[in-house]
Structure formats: C-alpha cells, structure tokens
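# A structural walkthrough
One letter stands for each residue in the lines below.
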Amino acid sequence: MNDTAGAIRGGMPVLGSDGHPLGVVDHLDGTFIKLMRSDDASGGRHRWIARALVGALHDGQVHLAVTATEADAAALDEDEAQRRMIFDANGRREFGQPDDGGAPARPGQPAVVTAAPEPHPGRPLP
C-alpha cells in the first residue's frame, strides 16, 4: 500500500497519470479511496478506487500511477462494493469494516459493535 495514503483527505481532486480528472475524494474506506458522487464524472453514484493506484500527492491533489481511463475501468461502483462486502470473505476488511457487521472502523476511532437484543423470558425471537 502506498505510504502517502495517510495524507489523502476528503475534497482532494484525483487525477490520472495523464492529468485527466477522475473525481474528488470523499474519504478513505480501508484499501480504497471512495470518490464523491456529486462530481461530474460520477453519474450520481459513489465509486471506489484502490489506494494502491496512487502514484503521488502534490499541490493538494491525488495523482494516480495509471491513466484516468484505466482507473475508471478498475473502479468499483456501489453495487460491486456492496457485493464484495456481503459475499467476499475479506470484503468487509477491504473497505475498513469490521467482520461482524458493526460500524466502520475509522483511523483513531474504535469500531462500534452492537450486541443483539436479549430475548424476553418466555417470548420467542422474531
């Protein structure tokens, strides 16, 4: 994983190695950069690109090691991200989520895990 990932912040433009824009960082999700859905290229949906594609950070921008076209082809859409989190054995961890389905673990914050409610004596669970 690229050692510049800790410096990636929301609102930073993401550019391909060809200088073409890919989107704007929403936030980091595990091994992925989640792009905002409000930028022109998003079509109103979030996309995720692997942090491993980051080549460099400078002038407040994320510069990828691949072209914008290549990064866009490799990007995950909302449907694929959900599929991975649900069906892939390591999918939740890839996106910075705990395996138990609790709240996402963010850097510097403990994961929030909620326990299932205890059944009432004499009343079956729904």
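Below is a summary of the structure that appears in this document. Here the structure is a predicted model, which means the values were calculated and not measured.

### Quick notes on the nonpolar core
Val 14, Ile 33, Ile 49, Val 62 and Leu 64 are the most contacted members of the largest nonpolar core, which totals 13 residues. Those residues in contact with Ile 49, other than ones at most four positions away along the chain, are Val 14, Leu 22, Thr 31, Phe 32, Ile 33, Leu 35, Leu 64, Ala 71 and Ala 75. Residues Trp 48, Leu 76, Met 85 and Phe 95 belong to the second largest nonpolar core, which totals six residues.

### Here we look at unusual backbone geometry
Positive phi outside glycine occurs at Asp 59, with the angle close to 55°. Along the chain, Asp 59 turns up in the loop between strand S5 (54-58) and strand S6 (61-64). You can call Asp 59 exposed: its relative accessible area is 71%.

Reading guide: rules and limits
- Per chain, residue numbering runs from 1 following the sequence as it is written.
- Given that the model is predicted, a residue must reach a pLDDT of at least 70 before its local features are reported, and side-chain atom pairs must reach 80 or more before they are shown or counted; all residues, however, enter totals for whole chains, interfaces and linings.
- To obtain the side-chain values, all non-hydrogen atoms of the structure were included, while hydrogens and water were left out.
- Nonpolar core, defined: a set of buried Ala, Val, Leu, Ile, Met, Phe, Trp, Tyr and Cys residues in which side-chain atoms within 4.5 Å join the residues together.
- Only protein chains enter the accessibility calculation, which uses a 1.4 Å probe. A residue is then buried if its area is under 20% of the maximum for its type, exposed if over 50%, and partly exposed in between.
- Any pair of residues with heavy atoms lying within 4.5 Å of one another is described as a contacting pair.
- Each helix corresponds to a stretch of at least 4 residues labelled H or I by DSSP, and each strand to a stretch of at least 2 residues labelled E; elements are numbered beginning at the N terminus.

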